[in-house]
Amino acid sequence: MREYQAVVRVRHPRFDLAVNPDQLDTVTGALVDYGATAQLWPDVSEWTMTVRVPTLYDVAATAGRAVRDAYALVAVDAAIVRVDAWQVAEWDRAQEEKGN
């Protein structure tokens, strides 16, 4: 398995997770194994998470499913609209080469 960092953008019309603390706890708890953190806005959330999968091609399906399933726990129909991903080791190596 390789470690990838993923950013998952989620659309959930007429729902703001930031003003629903119990639901936020449930969704965040469901994503704890991914070390997920979120930026929250009305109707849209963006989750940054670590995903361990065999290839880059598996990241969107795995991360998207995890986020969608977490929202389902609070009865919110969430649509995954974008997943960006990169391999952590390659990112670290590139940062070292740049001197960051």
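Quick notes on the rules
- Residues numbered from 1 in each chain as written.
- Predicted model: local features only at pLDDT ≥ 70, side-chain atom pairs only at ≥ 80, totals over all residues.
- Heavy atoms only, no water.
- pLDDT = per-residue confidence, 0-100.
- Helix = DSSP H or I, 4+ residues; strand = E, 2+ residues; numbered from the N terminus.
- Pairing = 2+ DSSP bridges.
- Axes fitted to C-alpha atoms, helices over the stretch in contact; angles between N-to-C directions.
- Buried < 20%, exposed > 50% of the residue type's maximum accessible area, 1.4 Å probe, protein only.
- Polar contact = N/O pair within 3.5 Å; in protein donor to acceptor, adjacent residues only side chain to side chain.
- Contact = heavy atoms within 4.5 Å.
- Salt bridge = Lys/Arg side-chain N within 4 Å of Asp/Glu carboxyl O.

Draft legend 1. Here's a closer look at the confidence of the model for the protein. Averaged over every residue, the pLDDT of the protein is 93; residues scoring 70 or more account for 99%. By mean pLDDT, helix 3 (residues 88–98) is the weakest element of the protein at 78, and helix 2 (residues 59–72) is the strongest at 97.

Draft legend 2. Quick peek at the sheet that holds strand 2 (residues 37–41). Read across the sheet, four strands follow the order 2-3-1-4 without closing on themselves; strand pairing throughout is antiparallel. The open sheet has two free edges, formed respectively by strand 2 and strand 4 (79–87), since each of these has just one partner strand. Neighbouring strand axes in the sheet, compared pairwise and without regard to direction, differ in orientation by 20° on average. Where strand 1 (residues 2–11) and strand 4 come together, eight bridges link them in antiparallel fashion. When the sheet's bridge partners are listed, valine 7 is paired in strand 4 with aspartate 84.

Draft legend 3. Spotlight on the side chain of histidine 12. On the secondary structure map, histidine 12 appears in the loop between strand 1 and helix 1 (21–30). Looking at histidine 12, the relative accessible area reads 1%, which means it is buried.

Draft legend 4. Here's a closer look at the side chain of threonine 50. For threonine 50, the position within the fold is in strand 3 (residues 44–53). Here threonine 50 falls in the buried class, since its relative accessible area comes to 17%. A polar side-chain atom of threonine 50 sits 3.3 Å from a polar atom in the side chain of glutamine 5. What threonine 50 contacts, discounting residues up to four positions off in sequence, is Glu3, Tyr4, Gln5 and Tyr34.

Draft legend 5. Fine view of the pairing of strand 2. Bridge count between strand 2 and strand 3: five bridges; the pairing is antiparallel. Counterpart to glutamine 39 in the pairing with strand 3 is glutamate 46. Where strand 2 hands over to strand 3, the hairpin turn is made up of two residues, of which aspartate 43 adopts a positive phi near 75°.

Draft legend 6. Seen up close, the pattern of salt bridges. Tallying each qualifying case throughout the model produces three salt bridges. Across the salt bridge formed by arginine 52 and glutamate 3, the nearest N and O atoms sit 2.8 Å from each other. Note that arginine 52 is positioned in strand 3 and glutamate 3 in strand 1, a separation of 49 residues in sequence. The exposure class assigned to glutamate 3 is partly exposed, which follows from its relative accessible area of 30%.

Draft legend 7. Molecular detail of the environment of leucine 40. Relative to the helices and strands, leucine 40 is located in strand 2. On the basis of relative accessible area, leucine 40 is assigned to the partly exposed category, the value being 24%. Other than its neighbours up to four places away in sequence, leucine 40 contacts Leu17, Ala18, Leu24, Ser45 and Trp47.

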